[in-house]
Amino acid sequence: MSRASSLFQLWQTPPNRLLFKSSNFYKGIYVVPGAKIYRPLCSCKSIQTTSYQVVNGSYVPTTQAKQEIKPTELAVPLRTYLEKFPKKRSLHPYERSLIELTLGDGNYEEVLGRVDALRKKVVSVGKEHASLCAKSLSKREAEERLSEGMKKIEEMFNREGKAVEDLLNIAKTLRSMPVVDLETPTLCLVGAPNVGKSSLVRVLSTGKPEICNYPFTTRGILMGHILSSYQNFQVTDTPGLLKRSDEDRNNLEKLTLAVLSHLPTAILYVHDLSGECGTSPSDQFVIYKEIKERFCDHLWLDVVSKSDLLKESPVTFITEDFDDNDLELAKYRKSGPDGAIRVSLKSEIGLNELKGRVHELLRLQMARIQAQDTKEENRQVLT
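On a predicted model such as this, the values are computed, not experimentally measured, just so you know.

> Hey, could you run me through the sheet that holds strand 5 (residues 231-237) in this one?
Within a beta sheet, neighbouring strands are joined by backbone hydrogen bonds and run either parallel or antiparallel to one another. If you trace the 6 strands from one edge of the open sheet to the other, you get 4-5-3-6-7-8, paired in mixed fashion. Two strands in the sheet have a free side with no partner beyond their single neighbour: strand 4 (222-228) and strand 8 (341-342). In the sheet, strand 3 (residues 186-190) pairs with strand 5 via 4 bridges, with the strands oriented parallel. The partner of leucine 189 across the bridge, within strand 5, is aspartate 237.

Next comes the structure, spelled out in structure tokens:
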């Protein structure tokens with residue numbers, strides 16, 4: 001893709017289909033139910049309404065093939081598009097985490113800064129050569145100086161226009177992410193990789209995540225929805241967690257922790273004691289204890305998946321190192337946590353009970369959010 005092609009693609013990218021529905025993210029460019037809010041991406045009328053063709057490797061208006069594009073017609077849409085991307089500090093904590101973990105820490109601001117620097121250079125060159133044209137003594141001299149200015153801008157885009165391509169890629173990445181309502185009660189499925197979270201999301205909600213038997217099948221946050229008592233709830237399938245410290249976790253695992261930290265979630269923790277997931281029951285126990293302690297204030301429901309594969313004796317991994325005298329671990333390895341629901345998608349064991357408990361859990365989560373909102377409103381009235 002040429003630099004010019006990237007720029008025109010950027011101008012023509014619809015801005016109302018980006019990532020979040022929150023009030024802060026992409027202000028003025030998303031569609032709110034019942035109200036169409038759309039601001040044109042390019043404020044230059046000639047660029048909005050004119051078709052283009054390639055002349056000497058560059059896009060020029062079909063109806064004005066001999067007329068050069070003015071520098072302001074490059075700078076204005078760049079500025080307008082940049083304004084659609086908010087300052088990261090104004091975002092919800094979950095949105096900030098999602099941007100950092102998906103795009104890389106600092107990459108978002110760095111690309112926006114490069115595009116803005118390019119815009120400023122276009123403006124500077126445009127002003128410089130507009131002044132030279134105004135001082136020209138003949139039409140021919142003015143045309144020559146205009147041509148020199150356009151050549152400088154073209155050279156500038158050849159050198160630094162990758163910033164526009166990078167911004168296009170960021171927009172594409174953000175648009176591909178699921179829309180998360182930051183205030184809707186959310187059921188978050190958590191557990192080690194390949195324990196059956198994705199399969200349960202398909203059973204419990206409208207979500208249709210990919211299901212394969214290898215670690216980190218879930219490569220991002222996958223969304224589904226549940227309708228219960230005329231109320232819509234969200235369901236998220238999150239990347240699996242491994243037994244390791246936060247410093248050693250990859251960005252997929254950190255994304256799971258960001259969901260639990262920043263969204264109004266109830267937790268459906270999934271355990272696989274059959275030995276099929278690749279993470280030993282002992283390691284799953286350690287992960288479970290850590291997450292349970294860290295997010296103890298969340299509403300919680302435990303599920304033991306693949307119960308049709310469970311045997312009388314607990315599965316033992318060669319690499320496992322556990323204490324036979326640890327009665328809590330021994331009990332966990334055999335039947336999971338106290339109160340856990342045993343389910344099997346293959347034999348449909350426990351699925352009806354699970355659905356009923358999930359709906360109850362989400363209604364409790366809704367009541368908790370409403371109570372917190374009321375408390376916050378009362379606090380604001382008092383202050």
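Don't stop here, the text continues.
> Whenever I open this one, unusual backbone geometry confuses me. Can you help?
What you tend to see is this: most non-glycine residues have negative phi, and most peptide bonds are trans. For asparagine 194, which is not a glycine, the phi torsion comes out positive at approximately 65°. Secondary-structure assignment places asparagine 194 in the loop between strand 3 and helix 8 (197-204). The buried category is assigned to asparagine 194, whose relative accessible area is 17%. With a phi angle near 65°, glutamate 348 is a residue other than glycine that sits in the positive phi range. Position of glutamate 348 relative to the elements: it lies in the loop between strand 8 and helix 12 (351-382).

> Sorry if this is basic, but what is going on with the environment of glutamine 234 here?
Along the chain, glutamine 234 falls in strand 5. With a relative accessible area of 2%, glutamine 234 lands in the buried category. Taking C-alpha positions, glutamine 234 is 9.5 Å from threonine 206, a pair spaced 28 residues apart along the chain. If sequence neighbours within four positions are ignored, glutamine 234 has contacts with Val179, Val180, Asp181, Thr184, Pro185, Thr186, Leu187, Met223, Gly224 and His225. Side-chain polar atoms of glutamine 234 contact the backbone nitrogen of aspartate 181, separated by 2.8 Å. A distance of 2.8 Å separates the side chain of glutamine 234 from the side chain of threonine 186, its partner in a polar contact.

> Can you walk me through the confidence of the model for the protein chain in this structure?
Close inspection of predicted coordinates is inappropriate for parts of the model with low pLDDT. This prediction gives the protein chain a mean pLDDT of 76; 75% of its residues lie at or above 70. Ranking the elements of the protein chain by mean pLDDT puts helix 2 (residues 45-49) last with 29 and strand 7 (residues 300-304) first with 97. Note on residues 4-69: pLDDT is under 50 here. Beyond four places in sequence and across chains, it has 125 contacts. Segment residues 210-218: pLDDT under 50, and 26 contacts once partners within four positions in sequence are set aside and those in other chains are kept.

> Is there a simple way to think about the packing of helix 10 (residues 281-294) against helix 11 (residues 327-335) in this case?
Where helix 10 meets helix 11, the closest approach of the two axes is 10 Å, and the angle between their N-to-C directions is 110°. Put simply, helix 10 runs roughly perpendicular to helix 11. Crossing of helix 10 over helix 11 shows right-handed handedness. Of helix 11, the residues touching helix 10 (which contributes Pro281, Ser282, Gln284, Phe285, Tyr288 and Lys289) are Glu328, Leu329, Tyr332 and Arg333.

> So what exactly am I meant to see when it comes to the nonpolar core here?
Generally speaking, a soluble globular protein has its nonpolar side chains buried in company with each other. Counting 81 residues, the largest nonpolar core has Phe85, Leu187, Ile291 and Leu354 as its most contacted members. Take this core: its biggest share by element is 7 residues, from helix 5 (residues 107-134). In contact with isoleucine 291, other than residues within four places in its own chain, are Leu241, Leu257, Leu260, Tyr269 and Trp300.

> Which parts of the structure should I look at to understand the pattern of salt bridges?
Side chains that carry opposite charge are capable of pairing whenever their charged atoms lie near each other. A complete count under the given rule lists 24 salt bridges for this structure. In this structure, glutamate 141 and arginine 145 form a salt bridge, with 2.8 Å as the shortest nitrogen-oxygen distance. Placement of the pair is glutamate 141 and arginine 145 together in helix 6 (residues 139-160), with a separation of 4 residues, close to one helical turn. Note that lysine 243 and aspartate 283 form a salt bridge whose closest N and O atoms lie 3.4 Å from each other. Of the two residues, lysine 243 is situated in the loop between strand 5 and helix 9 (251-262) and aspartate 283 in helix 10; the sequence distance between them amounts to 40 residues. Lysine 243 gets classed as partly exposed once you look at its relative accessible area, which sits at 48%.

> Which parts of the structure should I look at to understand the packing of helix 4 (residues 93-103) against helix 9?
Helix packing for two helices is described by the angle between their axes and how far apart those axes are. Two elements in contact, helix 4 and helix 9, have axes whose closest approach is 9 Å; the angle formed by their N-to-C orientations is 175°. In this view, helix 4 runs roughly antiparallel relative to helix 9, as classed from their interaxial angle. In this structure, helix 4 contributes Pro93, Tyr94, Ser97, Leu98 and Leu101 to the contact, and helix 9 contributes Asn251, Lys254, Leu255, Ala258, Val259 and His262.

Rules used in this analysis
- Residues numbered from 1 in each chain as written.
- Predicted model: local features only at pLDDT ≥ 70, side-chain atom pairs only at ≥ 80, totals over all residues.
- Heavy atoms only, no water.
- Pairing = 2+ DSSP bridges.
- Helix = DSSP H or I, 4+ residues; strand = E, 2+ residues; numbered from the N terminus.
- Buried < 20%, exposed > 50% of the residue type's maximum accessible area, 1.4 Å probe, protein only.
- Contact = heavy atoms within 4.5 Å.
- Polar contact = N/O pair within 3.5 Å; in protein donor to acceptor, adjacent residues only side chain to side chain.
- pLDDT = per-residue confidence, 0-100.
- Axes fitted to C-alpha atoms, helices over the stretch in contact; angles between N-to-C directions.
- Parallel < 35°, antiparallel > 145°, perpendicular 65-115°, else oblique.
- Left-handed = near helix turned anticlockwise from the far one by under 90°.
- Core = buried A, V, L, I, M, F, W, Y, C linked by side-chain atoms within 4.5 Å.
- Salt bridge = Lys/Arg side-chain N within 4 Å of Asp/Glu carboxyl O.

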